[in-house]
Amino acid sequence: MSDTRAHRESILDQFTRQAVPFATAPSIRDEAALRTVVEFSGCGPNDTVLDVACGPGILACAFAKVARHVTGIDLTPAMLERARLLQQEQGLANVTWHQGDVLPLPFSDASFTLVVSRFAFHHLLEPGAVLKEMRRVCAPGGTVMVIDSAPAPEKAAAFNAMERLRDPSHTRALPVGEHLALFVNASLGEPRQTFYRLEGELEGLLSRSFPKPGDADRIRELFRGSLADDALDIQARRVGQQIHYGFPVAVIAARR
């Protein structure tokens, strides 16, 4: 099996199992974080939005409350089932869903005015190629935006090693500088940036993850070790008997 096909199968396996717990995770549904992303994008009532690797549709539905129309595309049918349920719950008529791969994107050039992707780039084997596809389907003058984990450069190796234990479909979370280099290589405009922390609690995170047998205890050890020196760049701290964390997230947007 090729590396690309094996990785595709890993994503389908992980995200089919994660569909319900991921879709209901408080940190993923966090209204303040969603508001930060939508406002930072500058999205308005004339915008047509594409959410690349949209997962359970949480961000797509947040944009649909502001935009003219939103399209979500994802590889995993189980995720799109959750997205359709969320759309129905929120009574949104201006969203459509597309099952498929993101390289290449199955849309014509300049089809959307805003093209976004949240928490997907660290799963991609070729994030730069996907960003170029996002630029291609974005109309001139439109906006391309990526929201993803962005560990400090000196802590990225430790962060990524932990994340690969937690989720075998994880490839590599990029430090901010590497994200910005992708934008330059994709011939996008000067990027704007903002940051926040994806807050959560360790046992809740593990309950919606599917690591290999024995790896959950290794992850617990890494989190405990990070309490002293923040080696993982996750701001690990004890709250009573629990370990809480804040994963570093970058929001990067640029004009097409």
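See the structure above.
Read on for an overview of the structure. What you see is a predicted model, and the numbers here were worked out from it, not measured in a lab.

### Looking at the overall build of the protein
Move 1: When its secondary structure is counted, the protein shows 9 helices and 8 strands.
Move 2: A compact globule built from 256 residues should have a C-alpha radius of gyration of about 18 Å, and the protein, at 18 Å, falls within 12% of that.
Move 3: Burial statistics for the protein: of 256 residues in total, 56% are counted as buried.
Move 4: Of the roughly 11100 Å² of accessible surface on the protein, a fraction of 51% belongs to carbon and sulfur atoms.

### Let's talk about the pattern of salt bridges
Move 1: Inspection of the entire model under this criterion finds 10 salt bridges.
Move 2: The closest approach of N and O atoms between Lys155 and Asp230, which form a salt bridge, is 3.8 Å. One end of the pair, Lys155, is in the loop between strand S5 (138–149) and helix H6 (156–166); the other, Asp230, is in the loop between helix H9 (215–229) and strand S7 (237–239), and 75 residues separate them in sequence.
Move 3: In this structure, Asp233 and Arg197 form a salt bridge, with 3.1 Å as the shortest nitrogen-oxygen distance. Of this pair, Asp233 sits in the loop between H9 and S7 while Arg197 sits in strand S6 (residues 192–201), placing them 36 residues apart in sequence.
Move 4: Taking relative accessible area as the criterion, Asp233 reaches 8% and is therefore assigned buried.
Move 5: Each member of the salt-bridge network shares a partner with another, and the members are Asp109, Glu133 and Arg136.

### Observations regarding the packing of helix H5 (residues 127–136) against helix H7 (residues 176–185)
Move 1: One can describe the packing of H5 onto H7 by two numbers: an axis separation of 9 Å at closest approach and a directional angle of 50°. Relative to H7, the element H5 lies oblique. Of the two possible hands of crossing, H5 and H7 adopt the one that is right-handed. Facing H5, whose interface residues are Pro127, Gly128, Leu131 and Lys132, H7 presents Leu182, Phe183 and Asn185.
Move 2: Grouping the constituent residues of the contact of H5 with H7 by class yields 4 nonpolar, 2 polar and 1 charged.

### Re helix H4 (residues 77–90)
Move 1: If you check H4, its first and last C-alpha atoms are 20 Å apart, about what 14 residues at 1.5 Å a residue would give, namely 20 Å.
Move 2: Looking at H4, one finds that the buried residues are Ala78, Met79, Leu80, Ala83, Leu86 and Gln87.
Move 3: Positive backbone phi, at 65°, marks Gly91, one or two positions downstream of H4.

Rules behind the numbers
- Here the residue index of a chain counts from 1 through its sequence in written order.
- Under the rules for a predicted model, residues below a pLDDT of 70 receive no local features and side-chain atom pairs below 80 are neither given nor counted, while totals for whole chains, interfaces and linings still include all residues.
- Excluded from the side-chain calculations are hydrogens and water; all other atoms, namely the structure's heavy atoms, are used.
- Runs of E in the DSSP output that reach at least two residues are strands. Runs of H or I that reach at least four are helices, and both are numbered from the N terminus.
- C-alpha atoms define the radius of gyration in this analysis, and the globule rule sets the expected value at 2.2 Å times the number of residues to the power 0.38.
- Partly exposed residues are those whose accessible area sits between 20% and 50% of the maximum for their type, while under 20% is buried and over 50% is exposed, using a 1.4 Å probe and protein chains only.
- Here the open area of atoms and residues is found with the Shrake-Rupley method and a 1.4 Å probe, where only the protein chains shown may cover a residue.
- One speaks of a salt bridge when a side-chain nitrogen belonging to Lys or Arg is within 4 Å of a carboxyl oxygen belonging to Asp or Glu.
- Fitting a line to C-alpha atoms yields each axis, with helices limited to the stretch in contact; the angle taken between N-to-C directions then spans 0 to 180 degrees.
- Working rule for angles: under 35 degrees goes down as roughly parallel, over 145 as roughly antiparallel, 65 to 115 as roughly perpendicular, anything else as oblique.
- Definitions for this section: a left-handed crossing has its near helix turned counterclockwise from the far helix by less than a right angle. A right-handed crossing has that turn clockwise.
- Note on definitions: a residue-residue contact is assigned when non-hydrogen atoms from the two residues lie within 4.5 Å.
- For this classification, the nonpolar set comprises Ala, Val, Leu, Ile, Met, Phe, Trp, Tyr, Cys and Pro, the charged set comprises Asp, Glu, Lys and Arg, and every other residue, Gly included, is treated as polar.
- Expected span of a helix, by definition, is 1.5 Å for each gap between consecutive residues, and there is one gap fewer than residues.

Worth remembering: the numbers are spatial, not functional.
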